[in-house]
2 protein chains.
Amino acid sequence: MSKYVSYEQAGVNIDANDEMVERIQSSLASTFGPRVIALPGGFAGLFRLDYDEKLFKKNYKNPVLVACTDGVGSKVQLAAKARKFDTVGIDLVAMSVNDMLVIGAEPLFFLDYVALHKLEPALVAELVKGIAAGCRMADCALIGGETAEMPDTYRKGDFDLAGFAVGVVERDKTITGKKVRPGDVILGLRSSGLHSNGYTLARNICFKQARLKMNDVLDELDGTTVGETLLTPTRIYVQPIVKLLTKYKVKRVVHAMAHITGGGLVGNIPRILPKDCNAVLKKSSWPRPKIFPFLQKAGPVEEDEMFRVFNMGIGYVLIVAADFADSIGRNLQRWGEKVNRIGTVTAGSGKVVLKN
Amino acid sequence: MSKYVSYEQAGVNIDANDEMVERIQSSLASTFGPRVIALPGGFAGLFRLDYDEKLFKKNYKNPVLVACTDGVGSKVQLAAKARKFDTVGIDLVAMSVNDMLVIGAEPLFFLDYVALHKLEPALVAELVKGIAAGCRMADCALIGGETAEMPDTYRKGDFDLAGFAVGVVERDKTITGKKVRPGDVILGLRSSGLHSNGYTLARNICFKQARLKMNDVLDELDGTTVGETLLTPTRIYVQPIVKLLTKYKVKRVVHAMAHITGGGLVGNIPRILPKDCNAVLKKSSWPRPKIFPFLQKAGPVEEDEMFRVFNMGIGYVLIVAADFADSIGRNLQRWGEKVNRIGTVTAGSGKVVLKN
């Protein structure tokens, strides 16, 4: 309990707990920047706002804290079934930090809640390893967490994860979608696969309908196993988006952004669209990762339903001033994203229109 | 999705979800102060740090953010069994905000994660009502949350809760226990009962050993039902402690504090005790709520084990300069706490010594 910031536990046996703490220590430390204040044995995680430091002062005159929480839904069941625990933590971080980006915020720190049937130090260590990996990708510090052993709530081998992220945005740089107007261009950043949504349906199709096994290797999925494909971690868009917002912070050409989670493109884009605009998307304008046509056929699932449940290959959307669409796309590509111009904004009624 | 800050959901049916959102709206709004920024349909919760406002500027020159996360352990199982959902949210808030107080921080905002078998709007509304009540007691805003429907992880009727609190403390006012020295007085604030720890043991004793029912009325518990006694919400110590720290902010006579959770007095006080000091507690110096002797006898449970698992009547501990112990105690009592002088600090080795 003495070498990390604040990783508490409830109702766990002391030896297993000590072993767990030892194992997760280096994971936590790997995410700490100079703004984390170490507090041995502490009751809480501490993070400086760095008023004193020049960089921070310059960036934030009127900072607003932005907070998000999310889980990874039934992807945890899949990880439990595959006994693969080292990447679902990346999903956990992704779900919260990608949400926060949408406002224009940059992540500062993260905390996790892990609840499980019985404390297995190796399992928790793997989970936290993934969470720490996600935090490094998102440039945020993992400053605390809680591990709860609850044998009566969780079945043997089962667990759940919840994540909490806090970030900061300059008040008058908050991105709310108000500037979106007809003629704006919609850019899509490619997803890495299903991300963390639609797993109840995907598991049903793969394991009940198609009776596949976790280790089945499928030609339709480029020779990877079902488990590998389904457990591919959610892409974290923090680094390119924060760079982009810094680069265009004077011009303000990013009018709105959306993280494509449950509800897909048709469910999430309306959350940031003015009521008098539509988003017209051309479905053929980006390639679909093979898992989507595979699920669609194996279900079978109707095309509309696919678009309501899954991200269909686009994990994050930007609505930008038309004149800057090309340069924004080029920059994002240079920073490692696969970018497609997937549609435009028209006059309308706050809806997403899908065209072939 | 349009009238609250950011309460998202995963994999739930739309009608049930709309009903839930409607029901929780007023709960969320009841916790909002002027620093919450409304963001209709938003992806995140926003909280201003108010650099512009005089009060805030005066209080924080070099603010450090303090973050805590916790669940309520198997008290949720008890709430599920009793079908009583409106107070376990108070426990959830209490577990995180009381932890944060220990550093000297005041809570700013809170987020919750609710995971359950199936979305029942009335149930979630009751849970959030309790969380909002806890937030009002803790003077913090409930700015976001997540409700996850996970039928394969949670059994019918079961659920889990995780909470996440962020607060702020002036950097050089952080309370770490470094100032604790022999001669300091230990004050205990009375708990409201079991709070949120030891429920695996308490449930075992009540329902398996003693074969009680939730509605059994017991003379030993002053004629209340077993359910009422066990579900008494955790006391939230925010308001008196924040007042106290404000009152003594120049004199700095509060040397350390501890929130008494899992591990009891003997497990939590060492977390803030210097390695060359002991905390000597006189067990007869405060009255024990009747639930403790009841459990001890019904188990039976050894006295030492009782002290390792339960708070035994003291929910929060302050270690203060001896000269100020009386005036601090009087002030806390005036602000509604029941306070006892429960011990003193001696030279030692970082341990708690229990005396009769």
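These numbers come from a predicted model, not from an experiment.

Draft legend 1. Representation of the overall build of chain A. Of regular secondary structure, chain A possesses 12 helices and 15 strands. Principal-axis analysis of the C-alpha atoms gives chain A an extent of 60 × 60 × 30 Å. Within the span of chain A, comprising 356 residues, buried residues form 63% of the whole. Long-range pairs, those at least 24 residues apart, make up 84% of the contacts in chain A with a sequence separation of at least 6. Approximately 13,600 Å² of chain A is accessible, and the part contributed by carbon and sulfur atoms is 50%.

Draft legend 2. Layout of the pairing of strand S14 (residues 339-347) of chain A. Residues and elements named next belong to chain A. Relative to S14, strand S8 (residues 185-190) runs antiparallel, the two being bridged by five bridges. What sits directly across from Leu 189, in S14, is Val 339. As judged from the five bridges shared by strand S12 (residues 277-282) and S14, these two strands associate in the antiparallel manner. Bridge pairing in S14 places Cys 277 opposite Ala 347.

Draft legend 3. Main features of the domain arrangement of chain A. Residue and element names in this part refer to chain A. Annotation of chain A at the domain level lists domain 1 (7-172) and domain 2 (185-355). Contacts between the two partners involve 30 residues from domain 1, matched on the other side by 29 residues from domain 2. Across the domain 1/domain 2 interface, buried area totals approximately 2,400 Å², and carbon plus sulfur atoms make up 66% of it. When the area that domain 1 buries against domain 2 is broken down by residue, the three leading residues are Lys 75, Leu 78 and Leu 101, summing to 25%. There are zero salt bridges connecting domain 1 and domain 2. Joining domain 1 to domain 2, the criterion identifies 15 residue pairs in polar contact (both at pLDDT 80 or more). Put simply, the parts of the chain that give the side of domain 1 that touches domain 2 at least two residues each are helix H3 (75-82), helix H4 (88-101), strand S5 (106-116) and helix H5 (121-137). The leading source of residues in the side of domain 1 that touches domain 2 is H4, at nine residues.

Draft legend 4. Structural detail: the relation of the copies chain A and chain B. Overlaying chain A on chain B yields an RMSD of 0.0 Å, the required transformation being a rotation through 180° with an accompanying axial translation of 0.0 Å. Overall, the copies show the geometry of a two-fold rotation axis. Comparing interface residues between copies, 100% of those in chain A also sit at the interface in chain B, which points to an isologous, same-surface contact.

Draft legend 5. Structural context of the UniProt feature "domain: PurM-like C-terminal" (unreviewed entry) in chain A. The feature "domain: PurM-like C-terminal" (unreviewed entry), as given by UniProt, occupies residues 181-352 of chain A in the numbering adopted here. For residues 181-352 of chain A, the end-to-end C-alpha separation is 14 Å, with 33% helix and 23% strand making up the annotated structure.

Draft legend 6. Quick peek at the confidence of the model for chain A. The predicted model of chain A averages 89 in pLDDT, with 92% of residues at 70 or higher. Here residues 1-12 of chain A scores under 50 on pLDDT; set against residues more than four positions off or in separate chains, the count is 60 contacts.

Draft legend 7. Just the sheet that holds S14 of chain A, in detail. All names here are of chain A. Strand order in the open sheet formed by six strands is S11-S13-S8-S14-S12-S15, and the pairing between neighbours is mixed. Only two strands of the sheet have a single partner each, and these edge strands are strand S11 (254-259) and strand S15 (352-355). Within the sheet, the average angular offset between the axes of one strand and its neighbour, ignoring direction, is 25°. Two elements, S11 and strand S13 (residues 314-320), share five bridges in a ladder whose sense is antiparallel. Bridge pairing links Met 257 to Leu 318 in S13. Along the sheet face, helix H8 (residues 238-247) touches S8, S11 and S13 and points at about 170° away from the line of S11.

Draft legend 8. Representation of the pattern of salt bridges within the structure. Within this structure, the stated rule accounts for 24 salt bridges over all chains. Between Arg 155 of chain A and Asp 158 of chain A there is a salt bridge, with the nearest N and O atoms lying 3.9 Å from each other. Since its relative accessible area comes to 31%, Arg 155 of chain A is described here as partly exposed. Given a relative accessible area of 12%, Asp 158 of chain A falls into the buried group. Close ionic contact of Lys 84 of chain B with Asp 86 of chain B constitutes a salt bridge, the shortest N to O distance being 2.7 Å. We classify Lys 84 of chain B as partly exposed; its relative accessible area is 33%. Ionic contacts of the salt-bridge type, sharing partners, join the residues Lys 283, Arg 288 and Glu 303 of chain A into one network.

Draft legend 9. Focus on the environment of Lys 249 of chain B. Residue and element names in this part refer to chain B. Considering the arrangement of structural elements, one finds Lys 249 in the loop between helix H8 (238-247) and strand S11 (254-259). Using a relative accessible area of 34% as the deciding quantity, one classes Lys 249 as partly exposed. As for Lys 249 and Lys 173, which are separated by 76 residues in sequence, their C-alpha atoms are 7.9 Å apart.

Draft legend 10. Region of interest: the packing of aromatic side chains. Using the criterion set out here, one finds 14 aromatic pairs over all chains in the structure. Here Phe 85 of chain B and Phe 159 of chain B contribute two aromatic rings whose centre-to-centre distance is 5.7 Å and whose plane-to-plane angle is 65°, an arrangement assigned as edge-to-face. Linking Phe 85 of chain B in the loop between helix H3 (75-82) and helix H4 (88-101) with Phe 159 of chain B in strand S7 (residues 159-170), this pair joins segments that are 74 residues apart in sequence. The pair formed by Phe 85 of chain B and Phe 159 of chain B is uniform in burial state, with each residue classed as buried. One Lys or Arg, Lys 81 of chain A, reaches over the ring of Phe 207 of chain A and ends 3.9 Å from the middle of that ring.

Draft legend 11. Main features of the interface of chain A and chain B. Facing 66 residues of chain A, the contacting portion of chain B comprises 67 residues. At the junction of chain A with chain B, the criterion picks out two salt bridges. With its nearest N and O atoms 2.8 Å apart, the salt bridge here joins Asp 152 of chain A to Arg 203 of chain B. The interface formed by chain A and chain B contains 19 residue pairs in polar contact (both at pLDDT 80 or more). Every element with two or more residues in the side of chain A that touches chain B is listed here: strand S3 (45-48), strand S4 (63-71), H3, S5, strand S6 (141-149), strand S7 (159-170) and S11 of chain A. With nine residues, the top contributor of residues to the side of chain A that touches chain B is S4 of chain A. Across the side of chain A that touches chain B, the residue classes tally to 36 nonpolar, 15 polar and 15 charged. Here four bridges tie S3 of chain A to strand S4 (residues 63-71) of chain B, and the two strands are oriented antiparallel to one another. Bridge assignment links Gly 45 of chain A to a residue of S4 of chain B, and that residue is Ala 67 of chain B.

Draft legend 12. Structural context of the nonpolar core. Core analysis: the largest hydrophobic core is formed by 268 residues, its most contacted members being Phe 109 and Leu 318 of chain A together with Phe 109 and Leu 318 of chain B. Setting aside chain neighbours within four positions, we find Leu 318 of chain A in contact with Val 185, Ile 186, Leu 187, Leu 189, Ile 241, Leu 244, Val 254, Ala 256, Met 257 and Leu 332 of chain A.

The rules behind these values
Residues numbered from 1 in each chain as written. Chains lettered and ligands numbered in written order. Predicted model: local features only at pLDDT ≥ 70, side-chain atom pairs only at ≥ 80, totals over all residues. Heavy atoms only, no water. Helix = DSSP H or I, 4+ residues; strand = E, 2+ residues; numbered from the N terminus. Buried < 20%, exposed > 50% of the residue type's maximum accessible area, 1.4 Å probe, protein only. Contact = heavy atoms within 4.5 Å. Areas by Shrake-Rupley, 256 points an atom, 1.4 Å probe, with all protein chains shown as cover. Pairing = 2+ DSSP bridges. Domains from an automatic or database assignment. Buried area = accessible area lost by both parts, 1.4 Å probe. Salt bridge = Lys/Arg side-chain N within 4 Å of Asp/Glu carboxyl O. Polar contact = N/O pair within 3.5 Å; in protein donor to acceptor, adjacent residues only side chain to side chain. Least-squares fit on C-alpha atoms with pLDDT ≥ 70 in both. UniProt positions renumbered as here; feature names shortened; annotations may be inferred. pLDDT = per-residue confidence, 0-100. Axes fitted to C-alpha atoms, helices over the stretch in contact; angles between N-to-C directions. Phe/Tyr/Trp six-rings, centres within 6.5 Å; stacked < 30°, edge-to-face > 60°. Lys NZ or Arg CZ within 6 Å of the ring centre and 35° of its normal. Nonpolar A, V, L, I, M, F, W, Y, C, P; charged D, E, K, R; others polar. Core = buried A, V, L, I, M, F, W, Y, C linked by side-chain atoms within 4.5 Å.

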